[in-house]
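Breakdown of the fold
Residue-level listing of the chains:
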Amino acid sequence: MPDLYPWIKALHVIAVISWMAGMLYLPRLFVYHAGLSATDAKQSELFKTMEYRLLRFIMTPAMIVTWLSGLTIAFWSGYYQTGWLQGKFALVLVLSGVHGWLARLRKNFARDANRHDGRFFRIVNEVPTLLMILIVILVVVKPEFR
C-alpha cells in the first residue's frame, strides 16, 4: 500500500483543485443568473444547465474523491492525530456544508424560485475562498495546537 501513497496524494490534490474550481465558479454563475430579467428565459435555461452539470459532474464527484483520498492519506500518514489536521477536517466539513447549501440554491434557480440578488451571490462567492485560505495555511504551516 505505501507505494500507492504518492498516487493517492496526487489524486487528492487534483480532486481538491477540481472541487474548489467549482466552488468558486458556481456562485459566480449565480451572480449572472440572478441578474437576468424575466424576458431572458432562454439564457436562464442555459444557466440552469450549466449549474446542474457543474454540480453533478464536476463538483460532487470531486468532493467525494477529495474526502476518500484525504481520509486515506490521514490514516496512512498518521496525521489524523494532529491538531492541524483535525482543524482542517473541521473546515472541510464546513466547506462540504457550503457545497450542500450551494446545491440547494441551484435547485431554487432550477424551479425559478431564487430570492437573492447578484450582490448576495458576490458575498457568497467569498465563503469558499476564505475556507480555502484557512485550509491551505493549516496544511502548509501545520501549526501545533496545545
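In this text the structure is predicted, and so the values were computed from the model without any measurement. (Residues numbered from 1 in each chain as written. Predicted model: local features only at pLDDT ≥ 70, side-chain atom pairs only at ≥ 80, totals over all residues. Heavy atoms only, no water.)

**Structural notes on the environment of Met20**
Condition: Secondary structure elements follow DSSP: runs of H or I of four or more residues count as helices, runs of E of two or more count as strands, with numbering from the N terminus. Here a residue-residue contact requires only that any non-hydrogen atoms of the pair lie within 4.5 Å.
In this fold, Met20 is placed in helix H1 (residues 5-34). Residues in contact with Met20, not counting those within four places in the same chain, are Leu95, Pro128 and Met132.

**With respect to the packing of H1 against helix H3 (residues 83-110)**
Applied cut-off: Every axis in this analysis is a line fitted to C-alpha atoms, fitted for helices over the stretch in contact. Angles between the N-to-C directions lie between 0 and 180 degrees. What makes a crossing left-handed is the near helix being turned counterclockwise from the far one by less than a right angle; a clockwise turn instead makes it right-handed. In this count, Pro and Cys sit with the nonpolar residues alongside Ala, Val, Leu, Ile, Met, Phe, Trp and Tyr, while Asp, Glu, Lys and Arg are called charged and the others, Gly among them, polar.
One can describe the packing of H1 onto H3 by two numbers: an axis separation of 11 Å at closest approach and a directional angle of 35°. Classified by chirality, the crossing of H3 by H1 is left-handed. Of the residues in H3, those in contact with His12, Trp19, Met20, Met23, Leu26, Pro27, Phe30, His33 and Ala34 of H1 are Lys88, Val92, Leu95, Ser96, Val98, His99, Leu102, Leu105, Arg106 and Phe109. Of the residues in the contact of H1 with H3, the class split is 13 nonpolar, 4 polar and 2 charged.

**Things to note about the environment of His99**
Operational definition: Categorising residues by exposure relies on relative accessible area from a 1.4 Å probe, with only protein chains included: less than 20% of the type maximum marks a residue as buried, more than 50% marks it as exposed, and the intermediate range marks it as partly exposed. Any pair of nitrogen or oxygen atoms within 3.5 Å is treated as a polar contact; in protein, a donor-acceptor pairing is required on top of that, and neighbouring residues in sequence qualify only through side-chain atoms on both sides.
Along the chain, His99 falls in helix H3. A relative accessible area of 5% places His99 in the buried class. A sequence separation of 22 residues divides His99 from Phe121, and the C-alpha atoms of the two residues are 14 Å apart. Reaching out from His99, the side chain makes a polar contact with the side chain of Trp19 at a distance of 3.0 Å.

**Here we look at the environment of His116**
With respect to the element layout, His116 can be found in the loop between H3 and helix H4 (118-124). It is 9.7 Å that separates the C-alpha atoms of His116 and Gly35, two residues lying 81 residues apart in sequence. Ignoring sequence-local partners within four residues, the contact set of His116 consists of Ala34, Leu105 and Phe121.

**What about the UniProt feature "binding site: heme" (unreviewed entry) in the protein chain?**
The following threshold applies: UniProt positions are given in the numbering used here, feature names are shortened, and annotations may be inferred rather than shown by experiment.
The UniProt feature table records "binding site: heme" (unreviewed entry) at His12 and Lys88. In terms of the greatest pairwise C-alpha distance, the residues named above, spread along 77 residues, form a tight cluster of at most 14.1 Å across. Looking at where His12 falls in the secondary structure, it is placed in helix H1. Residue classification places His12 among the buried residues on the basis of a relative accessible area of 12%. Apart from the residues lying within four places of it in its own chain, the contact partners of His12 are Thr66, Ser69, Gly70, Ile73 and Lys88. Within the fold, Lys88 resides in helix H3. Among all residues touching Lys88, those that are not within four sequence positions of it are His12, Ile135, Leu138 and Val139.

**Looking at the packing of H1 against helix H5 (residues 126-141)**
Stated precisely, the cut-off is as follows: Angle categories: roughly parallel below 35 degrees, roughly antiparallel above 145, roughly perpendicular from 65 to 115, and oblique for all the rest.
Interaxial distance between H1 and H5 falls to 8 Å at its minimum, and their mutual angle equals 150°. In terms of their interaxial angle, H1 and H5 are classed as roughly antiparallel. Of the residues in H5, those in contact with Met20, Met23 and Leu24 of H1 are Pro128, Thr129 and Met132. Looking at side-chain class alone, the contact of H1 with H5 contains 5 nonpolar, 1 polar and no charged residues.

**Some remarks on the side chain of Ser96**
One can find Ser96 in helix H3. Other than its neighbours up to four places away in sequence, Ser96 contacts Trp19, Met63 and Trp67.

**Quick look at the side chain of Lys48**
Examined against the element boundaries, Lys48 turns out to sit in helix H2 (residues 41-77). Among the polar contacts made by the side chain of Lys48, one reaches the side chain of Glu45 at a distance of 2.9 Å. Not counting residues up to four positions away in its chain, the partners in contact with Lys48 are His33, Phe109, Ala110 and Asp112.

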